[in-house]
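The chain contents come next:
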Amino acid sequence: MTGTLAEKIVKAHLVEGRMEPGDEIGIKVDRVLMQDATGTMACLQFEALKIPKPKVDFAIAYVDHNILQTGFENPDDHRFLQSFCSKYGIYFSKPGNGICHQVNLERYSVPGQVLLGSDSHTPTSGGAAMLAIGVGGLDVAVAMGGGAFYFEMPEILGVRLVGKLNPWVAAKDIILEMLRRLTVRGGLRRIVEYYGEGVKSLSVPERSTITNMGAELGATTSIFPSDEVTKDFFTRQERVRDWKPITADPDAVYDTNVEIDLSKLEPLVAAPGSPDNIKTVREVEGTPIQQSCIGSCVNSNYQDLLITAHILKGKKVHPNVNLHINPGSRQVLQTVTRVGALYDIITAGARIIENACNGCIGMGSAPASNSNSIRSFNRNWPGRSGTRDDAIYLASPETCAAAALYGEITDPRKLGTYPSIAWPERFVIDDSMILHPSREPANVEVIRGPNIKPLPRRRPIEGTLDGEVLIKVGDNVSTDAIMPAGARILPLRSNIPAISEYVFAWIDPEFVQRAKAKNGGFIVGGVNYGQGSSREHAALAPMYLGVKAVLAKSFSRIHKSNLVNFGILPLEFMDASDYEKVSLGSKIRIENVTPTLQAEALAMRSQIDNHTVEFKLNLTKRFRDILVAGGLLNYIKSKS
Ligand code: MIC
Ligand code: SF4
């Protein structure tokens, strides 16, 4: 069989199933990553499995999300993670070392390997030819325990890149063009694989910019081949031993084909509301901005900061603008410092923010009310920035830097000749903030402060589900809407009773009271319900509040798995127009739940007020067994 790159990697890791799109397969996982906001739960789940140390080649937990430390909660989490990792054979990247995806790309990506990460932007390492997939924390915990990762074999979407980018058009514009063409649903049940002669002109960080935001397409993952450009990156990282070439076969056949002529692209933005609300910069030029942010896990690499420094050199940030810079990693910060670029950035009037997630997840850097903010980030769903009425534009660092100088959205091509930027022969290599696990685990005590609460558990699924509709939402509702983050809520990730008080907080502040008063019930959603992050809290907290099933037109991949992992039934309307028959307060009764799941029936019937409504059971055998057991942990325990 001639194969695509993704198929080759899947094949080399296949432990169960047939590689037919839509069939469930299990693959061996080589490496896992966690971050602090999802990792505390993943560690508690790993502990519940009672396995002394990871059975994967390499496991690491990064601290990058919860870094504001406005109270004891964040440092409690850090201390818990550090001690847990030390005891349980996991590497630990200290706060201050950088954002998981950037550091992982630099120091731990390996072409051809499988990486599973408890964060939706794990595919960043796909820029270095890893098959890197974002999942919920529980899936990571199970993989650490040696379990295969199960998912539906996606279709392979081949993106042929031809031509070369023009000056001032960036890798970010390539992925924004993909979002323009395919929307936030275009990647669902697909792996996006880039190939073609245009690939050669993109550096590894540029490739990673594209694979990172494949998450916004809803893709399972995105991947680039490993070639001489990749080798060059690994050499500068002093890791050429980890490099190997790997590409698709020349006659590989893709399930769907897209072609992008890089020379035809121009600077783009995602206008407020959604990453697929794409416009050309020319269309929105002149929009006044109050804030510009360059950073987050998508555009915070050395190249991004160096180009920013070149643009800012000898100039001043516009008086009405606050320019925030959060480098992706300590290595990036050290390297731009060593070459003097940081001086130009600071001298122009930028604010240097810690090399962590920060404003991307509303941990600081919230924009002013009724103002526009332009950011090199990857997400702009309403309210994510921490400001309720925010208006966030997503763009390349070049476009963000131009806006910072002019005080309004400006086509970066106005900035003159594109600077030629040189890469250092070696990046600064200093892994001293990555701690190795203890050699004497028996002597390590796991420290649990008051922010670390025990894991809530669910019982096996009930035979009859009945109750009321607690909320009805529309299409493309993100996990940020279900379980908001931000400076107030994110620190509660290790405390499910406390964080549950904020489910749907921004869109329906009465939801939690209603769920409690009604003793749980049902959620109704539209298309692509739960798009976005991997946060299993968007399933775990509703489970804690007694949510029994989510009825939607369709689900995003990660959120659907998370619902199943926590024993919440995901049901898809057989006839999408039945969505109209359900409203807030509708009474729902679903009988024979367990036998219907066990019989592998394709449909489940429900009584909704006076209607009989049918739902698709788009669930693999394994998902059904997990649901019957009341979630993945119960299922695994029952199997062992
Ligand atoms: C995000 O970008 O939304 C996050 C915060 O990184 C999440 C993970 C989380 O909620 O902890 C993600 O993308 O998976
Ligand atoms: Fe952090 Fe933002 Fe990247 Fe999520 S998208 S990992 S919050 S920088």
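Residues numbered from 1 in each chain as written. Chains lettered and ligands numbered in written order. Predicted model: local features only at pLDDT ≥ 70, side-chain atom pairs only at ≥ 80, totals over all residues. Heavy atoms only, no water.

A. A look at the overall build of the protein. When you go through the protein residue by residue, the secondary structure sums to 22 helices and 27 strands. Expected size for 640 residues packed as a compact globule is a radius of gyration near 26 Å; at 23 Å, the protein falls within 12% of this value. Of all 640 residues assigned to the protein, the portion counted as buried reaches 66%. Considering only contacts within the protein whose residues lie at least 6 apart along the sequence, 77% involve residues at least 24 apart. The protein carries 70 positive and 69 negative side-chain charges, and their two centres are separated by 3 Å. (Helix = DSSP H or I, 4+ residues; strand = E, 2+ residues; numbered from the N terminus. Rg over C-alpha atoms; globule rule 2.2 N^0.38 Å. Buried < 20%, exposed > 50% of the residue type's maximum accessible area, 1.4 Å probe, protein only. Contact = heavy atoms within 4.5 Å. Lys, Arg positive; Asp, Glu negative; His and termini not counted. Charge placed at Lys NZ, Arg CZ, Asp CG, Glu CD.)

B. Seen up close, the site of ligand 1. Surveying the vicinity of ligand 1 reveals 13 residues, the closest of which are Asp119, Ser120, Arg493, Ser534 and Arg535. Side-chain polar atom of arginine 493 to an oxygen atom of ligand 1: 2.7 Å apart, as the coordinates give it. Surface burial for ligand 1 is 97%, taken as the share of its 340 Å² of free accessible area covered by protein chains. A breakdown of the residues in the shell around ligand 1 according to their chemical character gives 2 nonpolar, 6 polar and 5 charged. (Near = heavy atom within 4 Å. Polar contact = N/O pair within 3.5 Å; in protein donor to acceptor, adjacent residues only side chain to side chain. Areas by Shrake-Rupley, 256 points an atom, 1.4 Å probe, with all protein chains shown as cover. Nonpolar A, V, L, I, M, F, W, Y, C, P; charged D, E, K, R; others polar.)

C. Fine view of the sheet that holds strand β22 (residues 521-525). The sheet built from 7 strands closes into a barrel, its strands ordered β21-β22-β23-β24-β27-β26-β25 with mixed pairing. For this sheet, the mean inter-axis angle between neighbouring strands, taken without regard to orientation, is 40°. The pairing of strand β26 (residues 603-608) with strand β27 (residues 611-616) spans 6 bridges and is antiparallel. Paired with alanine 603 across the strands is lysine 616, a residue of β27. (Pairing = 2+ DSSP bridges. Axes fitted to C-alpha atoms, helices over the stretch in contact; angles between N-to-C directions.)

D. Quick peek at the site of ligand 2. The full set of residues close to ligand 2 is His65, His101, Asp119, His121, Ser296, Cys297, Cys357, Cys360, Ile361, Asn378 and Arg384. For the shell around ligand 2, the per-class residue count stands at 4 nonpolar, 5 polar and 2 charged.

E. Representation of helix α6 (residues 171-182) within the structure. With 12 residues, α6 extends 17 Å between its outermost C-alpha atoms, agreeing within 8% with the 16 Å of an ideal straight helix rising 1.5 Å per residue. Where burial is concerned, most of α6 is hidden: 10 out of the 12 residues are buried. Inspection of α6 places Ala171, Lys172, Asp173, Ile174, Ile175, Leu176, Glu177, Met178, Leu179 and Leu182 among the buried residues, and these make up the whole buried set. Phi for threonine 183, located one or two positions after α6, is positive at around 70°. (Expected span 1.5 Å × (residues − 1).)

F. Examining the packing of helix α21 (residues 621-629) against helix α22 (residues 632-639) more closely. Close contact between α21 and α22 brings their axes to 7 Å; oriented N to C, the two are set at 95°. One way to sum up the angle between α21 and α22 is to call them roughly perpendicular. For the pair formed by α21 and α22, the contact residues are Arg622, Asp625, Ile626 and Ala629 on the first element and Leu632, Asn634 and Tyr635 on the second. Considered class by class, the residues forming the contact of α21 with α22 number 4 nonpolar, 1 polar and 2 charged. (Parallel < 35°, antiparallel > 145°, perpendicular 65-115°, else oblique.)

G. Main features of the nonpolar core. Membership of the largest hydrophobic core comes to 117 residues, with the highest contact counts inside it found for Leu131, Phe511, Tyr529, Leu551 and Leu569. Ignoring sequence-local partners within four residues, the contact set of phenylalanine 511 consists of Leu470, Ile471, Val503, Phe504, Ile523, Leu545 and Val547. (Core = buried A, V, L, I, M, F, W, Y, C linked by side-chain atoms within 4.5 Å.)

H. Just the pairing of strand β25 (residues 587-590), in detail. Every second residue of β25 is oriented toward a common face, the buried set being Ile588 and Ile590 and the non-buried set Lys587 and Arg589. The pairing of strand β21 (residues 465-472) with β25 spans 4 bridges and is classified as antiparallel. Of the residues in β25, the one forming a bridge with glutamate 468 is lysine 587. Taken together, the 2 bridges between β25 and β26 define a ladder with antiparallel strand orientation. If you follow arginine 589 over to β26, its bridge partner there is glutamine 607.

I. Here's a closer look at the pattern of salt bridges. Applying the stated criterion across every chain, the model contains 35 salt bridges. Its salt-bridge partner being glutamate 259, residue arginine 160 comes within 3.2 Å of it at the nearest N-O pair. Of the two residues, arginine 160 sits in strand β9 (residues 155-162) while glutamate 259 sits in strand β12 (residues 256-261), which places them 99 residues apart along the sequence. For glutamate 259, a relative accessible area of 43% gives the class partly exposed. Note that lysine 560 and glutamate 572 form a salt bridge whose closest N and O atoms lie 3.6 Å from each other. With lysine 560 in helix α19 (residues 557-565) and glutamate 572 in strand β24 (residues 569-573), this pair connects stretches of sequence that are 12 residues apart. Summarising the burial analysis for this pair, lysine 560 and glutamate 572 share the class buried. Overlapping salt bridges, with partners in common, bring together Glu266, Arg282, Asp411 and Arg413 in one network. (Salt bridge = Lys/Arg side-chain N within 4 Å of Asp/Glu carboxyl O.)

J. Spotlight on the packing of aromatic side chains. According to the stated counting rule, one finds 18 aromatic pairs in the structure shown. Taken together, a centroid distance of 5.6 Å and an interplanar angle of 40° make the contact between phenylalanine 80 and phenylalanine 84 tilted. Highlighted residues: phenylalanine 80 and phenylalanine 84, both in helix α3 (residues 73-87), separated by 4 residues, approximately one helical turn. Judged by centre distance (4.9 Å) and plane angle (45°), the ring pair of phenylalanine 573 and phenylalanine 615 falls under tilted. (Phe/Tyr/Trp six-rings, centres within 6.5 Å; stacked < 30°, edge-to-face > 60°.)

K. Up close: the environment of threonine 220. Position of threonine 220 relative to the elements: it lies in the loop between α7 (204-212) and β11 (221-223). Under the relative-accessibility criterion, threonine 220 is labelled buried at 2%. With 87 residues separating them in the primary sequence, threonine 220 and isoleucine 133 have C-alpha atoms 6.5 Å apart.

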